Amino acid sequence: MAELFSFTLLLTSALILISILTLFCGYRAFIGPTIPDRVIGIDAIGTNITAIAILLAILTSFDYFVLVGLVLAIIGFISTIAAANYISESEVIQ
Amino acid sequence: MINTHILSIALNSTHSPRSMSVMFFIILGCFFLTVGTLGLLRLPDVYNRLHATSKSTTLGAASIFFSGFLHYGFQGMGLTSLVGVLFLFLTAPTGSHMISRAAQKMGVEFFGDIAWPIHSDSQTPLNEDAILDETEI
């Protein structure tokens, strides 16, 4: 019964759950009625993949996945800012 | 009753306190990510969806980062995880604010019969003179 709270099992189920949630965010990014909806969906996908990278770093004890998650968070932020600038100003860098 | 049963199983198991706190923060992060994604799918409006994702999803990812910090400790990748928590809490409000400003400039309407407070037909942002005129009348 103590196997119910196994560490590896919890990490694997969390990975499966977050992967399904990422698929649902992709649904919103696909059918979103307006362009900001799609940007929000892609931003949520980036945040979920950051969480997936941290969970992989803990699960496989390959430590550099933490850096992968951090860099993915930075790229998601920059892409969000670029998309917001493109929507409002019609150009990315003025 | 079920909760106390599960808690007794978890406390009697052979996990160290650090491992149990890592588990707790992973479960908390999964809960917040689920809430944020459900809000992203179910809410009717751009601004409501932004409200759901920018708070809940950020909190979930930050708590999973914090579980990484608890797992690694004050060395190496643990400090990187702390930098990730700080970075998420700094950048997520900035990005969501910029997206909502872009949506307001684009002219995305609210759900239902809610409108911007003044000049609901022209999508200009509020200026202080209009607010002053409204309050004087």
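Every value quoted in this text rests on a predicted model; they were computed, and no experiment measured them.

Calculation rules
- Residues numbered from 1 in each chain as written.
- Chains lettered and ligands numbered in written order.
- Predicted model: local features only at pLDDT ≥ 70, side-chain atom pairs only at ≥ 80, totals over all residues.
- Helix = DSSP H or I, 4+ residues; strand = E, 2+ residues; numbered from the N terminus.
- Buried ≥ 20, exposed ≤ 12 C-beta atoms within 10 Å, placed from the backbone.
- Contact = placed C-beta atoms within 7 Å.
- Nonpolar A, V, L, I, M, F, W, Y, C, P; charged D, E, K, R; others polar.
- Expected span 1.5 Å × (residues − 1).
- Axes fitted to C-alpha atoms, helices over the stretch in contact; angles between N-to-C directions.
- Parallel < 35°, antiparallel > 145°, perpendicular 65-115°, else oblique.
- Left-handed = near helix turned anticlockwise from the far one by under 90°.
- Core = buried A, V, L, I, M, F, W, Y, C linked by C-beta atoms within 7 Å.

Peer 1: Can you walk me through the overall build of chain B in this structure?
Peer 2: Looking only at helices and strands, chain B has 5 helices and 0 strands in total. Considering chain B as a whole, with its 137 residues, one finds that 33% of them fall into the buried category. In chain B, the proportion of contacts linking residues at least 24 apart, taken out of those at least 6 apart, comes to 56%.

Peer 1: How should the interface of chain A and chain B be read in this particular structure?
Peer 2: Where interface size is quoted, it is often the accessible area lost as the parts come together. On the chain B side, the residues contacting the 41 residues of chain A number 44 residues. Contributing elements (two or more residues each) for the side of chain A that touches chain B: α1 (7-31), α2 (35-60) and α3 (65-89) of chain A. Among the elements that line the side of chain A that touches chain B, the one with the most residues is α2(A), at 15 residues. Residue composition of the side of chain A that touches chain B, by class: 29 nonpolar, 8 polar and 4 charged.

Peer 1: Any chance you could explain helix α3 (residues 46-72) of chain B here in plain terms?
Peer 2: Since one α-helical turn is 3.6 residues long, residues separated by three or four positions face the same way. Taking 1.5 Å of rise per residue, 27 residues should cover 39 Å, and α3(B) covers 38 Å from first to last C-alpha, within 8% of that figure. Once α3(B) finishes, Gly73(B) follows within two positions and takes phi at roughly 80°, a positive value.

Peer 1: Quick question: what am I supposed to make of the packing of α2(A) against α3(A) here?
Peer 2: Helix packing for two helices is described by the angle between their axes and how far apart those axes are. All names here are of chain A. Between α2 and α3, the least distance of the axes is 8 Å, while the angle of their chain directions is 175°. Regarding the angle of α2 to α3, the classification is roughly antiparallel. Side by side, α2 and α3 meet where Ile35, Pro36, Val39, Asp43, Gly46, Thr47, Ile49, Thr50, Ala53, Ile54, Leu56 and Ala57 of the first sit next to Phe65, Val66, Val68, Gly69, Leu72, Ala73, Gly76, Thr80, Ala83 and Ile87 of the second. Classifying every residue of the contact of α2 with α3 gives 15 nonpolar, 6 polar and 1 charged.

Peer 1: Hey, could you run me through the environment of Asn48(A) in this one?
Peer 2: When you line up the elements, Asn48(A) lands in helix α2. With 27 residues separating them along the chain, Asn48(A) and Leu21(A) place their C-alpha atoms 7.8 Å apart.

Peer 1: Sorry if this is basic, but what is going on with helix α4 (residues 77-106) of chain B here?
Peer 2: The end-to-end C-alpha separation of α4(B) is 41 Å, in line with the 44 Å expected for 30 residues at 1.5 Å each. Along α4(B), the positions that sit buried rather than exposed are Met77(B), Ser81(B), Gly84(B), Leu88(B), Ala92(B), Gly95(B), Ser96(B), Ile99(B), Ala102(B) and Ala103(B).

Peer 1: It is not clear to me how the packing of α1(A) against helix α2 (residues 17-42) of chain B should be interpreted in this structure. Could you clarify?
Peer 2: α2(B) packs onto α1(A) with a crossing angle of 15° between their chain directions and a minimal axis gap of 10 Å. When the axis of α1(A) is compared with that of α2(B), the two are roughly parallel. As α1(A) runs across α2(B), the sense of the crossing is left-handed. Taken together, the residues of α2(B) that come into contact with α1(A) (itself represented by Phe7(A), Leu10(A), Ala14(A), Leu17(A), Ile18(A), Leu21(A), Phe24(A), Cys25(A) and Arg28(A)) are Ser19(B), Met23(B), Ile26(B), Cys30(B), Leu33(B), Thr34(B), Thr37(B), Leu40(B) and Leu41(B). Looking at the contact of α1(A) with α2(B) residue by residue, the class counts come to 14 nonpolar, 3 polar and 1 charged.

Peer 1: Explanation requested: the nonpolar core in the structure shown.
Peer 2: Within soluble globular proteins, side chains that are nonpolar generally end up buried alongside one another. Core analysis: the biggest nonpolar cluster contains 49 residues, and Ala51(A), Ile54(A), Ile64(B) and Phe65(B) have the highest contact counts within it. For this core, the secondary-structure elements that each account for two or more residues are α1, α2 and α3 of chain A together with α2, α3 and α4 of chain B. No other element matches α3(B), which puts 13 residues into this core. Look past the residues within four positions of Phe65(B) in its chain and what remains in contact with it is Ile54(A), Ser81(B), Gly84(B), Val85(B) and Leu88(B).

Peer 1: Looking at this structure, I do not really get the environment of Arg101(B). What am I missing?
Peer 2: Residues and elements named next belong to chain B. As for its position among the elements, Arg101 is in helix α4. Accessibility expressed as a C-beta count within 10 Å gives 15 for Arg101, which makes it partly exposed. For the pair Arg101 and Tyr47, spaced 54 residues apart in sequence, the C-alpha separation works out to 10.0 Å.

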